[in-house]
Amino acid sequence: QVQLVESGGGLVQPGGSLRLSCAGSGFTFSYAMSWYRQAPGKERELVASISSIGGSTNYADSVQGRFTISRDNAKKTVYLQMNSLKPEDTAVYYCYLRIRTGYEYWGQGTQVTVSS
């Protein structure tokens with residue numbers, strides 16, 4: 001059974017940092033992984049993606065230069081380091097895995113709130 005479990009969210013002041021983790025289980029940890037986020041009243045959007053062995057990453061324009069996605073395949077964990085956080089980064093952050101069409105999985109989400 002595939003499971004994705006996020007952690008690391010919380011309340012942080014503008015300009016602060018957080019590191020999110022996504023622990024995977026129930027599958028071979030050899031697929032590209034992504035982080036999405038969904039703010040209240042908005043559609044879920046792609047934040048960052050990382051290839052199966054971490055050699056390639058992609059970021060949304062809004063987080064480029066502030067967020068870093070990484071992975072530790074030995075620990076079956078994907079990370080999202082978020083620096084210089086802004087109030088507009090407030091959202092629920094989700095880990096996403098797509099093995100193939102029809103086999104797509106989401107974590108339960110972790111809340112990130114950026115506020116003074």
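Residues numbered from 1 in each chain as written. Predicted model: local features only at pLDDT ≥ 70, side-chain atom pairs only at ≥ 80, totals over all residues. Heavy atoms only, no water.

Broken down by element type, the protein chain carries 0 helices and 11 strands. For the protein chain, the C-alpha radius of gyration of 13 Å lies close to 13 Å, the compact-globule estimate for 116 residues. Reported as C-alpha extents along the three principal axes, the dimensions of the protein chain are approximately 40 × 30 × 25 Å. Burial statistics for the protein chain: of 116 residues in total, 41% are counted as buried. Summarising the internal contacts of the protein chain: among those between residues at least 6 apart in sequence, 51% fall at separations of at least 24. Surface accessibility of the protein chain: about 6200 Å² in total, with carbon and sulfur atoms responsible for 46%. Looking at charge distribution, the protein chain has the averaged site of its 11 positive side-chain charges lying 6 Å from that of its 8 negative ones. (Helix = DSSP H or I, 4+ residues; strand = E, 2+ residues; numbered from the N terminus. Rg over C-alpha atoms; globule rule 2.2 N^0.38 Å. Buried < 20%, exposed > 50% of the residue type's maximum accessible area, 1.4 Å probe, protein only. Contact = heavy atoms within 4.5 Å. Areas by Shrake-Rupley, 256 points an atom, 1.4 Å probe, with all protein chains shown as cover. Lys, Arg positive; Asp, Glu negative; His and termini not counted. Charge placed at Lys NZ, Arg CZ, Asp CG, Glu CD.)

So, on to the sheet that holds strand β3 (residues 18-25). The 4 strands lie next to each other as β1-β3-β8-β7, forming an open sheet whose pairing is antiparallel. Both edges of this open sheet fall to β1 (3-7) and β7 (67-72), since each of them pairs with a single strand only. Recorded for the sheet is a direction-independent mean angle of 15° between the axes of neighbouring strands. By the bridge criterion, 6 bridges tie β7 to strand β8 (residues 77-82) in an arrangement that is antiparallel. Its bridge partner lying in β8, F67 is registered against M82. (Pairing = 2+ DSSP bridges. Axes fitted to C-alpha atoms, helices over the stretch in contact; angles between N-to-C directions.)

A word on the environment of G8. Along the chain, the position of G8 falls in the loop between β1 and β2 (10-12). Overall, G8 belongs to the partly exposed group, its relative accessible area being 33%. C-alpha of G8 to C-alpha of R66: the two residues are 58 residues apart in sequence and 17 Å apart in space. Not counting chain neighbours up to four residues away, the residues in contact with G8 comprise L18, R19, L20 and T110.

Going through the model one piece at a time under the given rule, you end up with 1 disulfide. Linked covalently through their sulfurs, C22 and C95 form a disulfide whose S-S length is 2.1 Å. Residues C22 and C95 are joined by a disulfide whose S-S torsion is about -85°; by sign, that bridge is left-handed. With C22 in strand β3 and C95 in strand β9 (residues 91-100), this residue pair connects regions lying 73 residues apart in the sequence. Side by side, C22 and C95 carry an identical accessibility label, which is buried. (Disulfide = S-S within 2.5 Å.)

It is worth spelling out the pairing of strand β4 (residues 33-38) at this point. Buried residues dominate β4, accounting for 5 of its 6 residues. When β4 meets strand β5 (residues 45-50), the two strands line up antiparallel, connected through 5 bridges. Of the residues in β5, the one forming a bridge with Y36 is L46. Linking β4 back to β5 in an antiparallel pair, the connection comprises 6 residues, with G41 at a positive phi of about 80°. In terms of strand pairing, β4 meets β9 through 6 bridges, oriented antiparallel. Across the sheet, residue S34 finds its bridge partner in β9, namely Y96.

In short, geometric facts, not functional conclusions.
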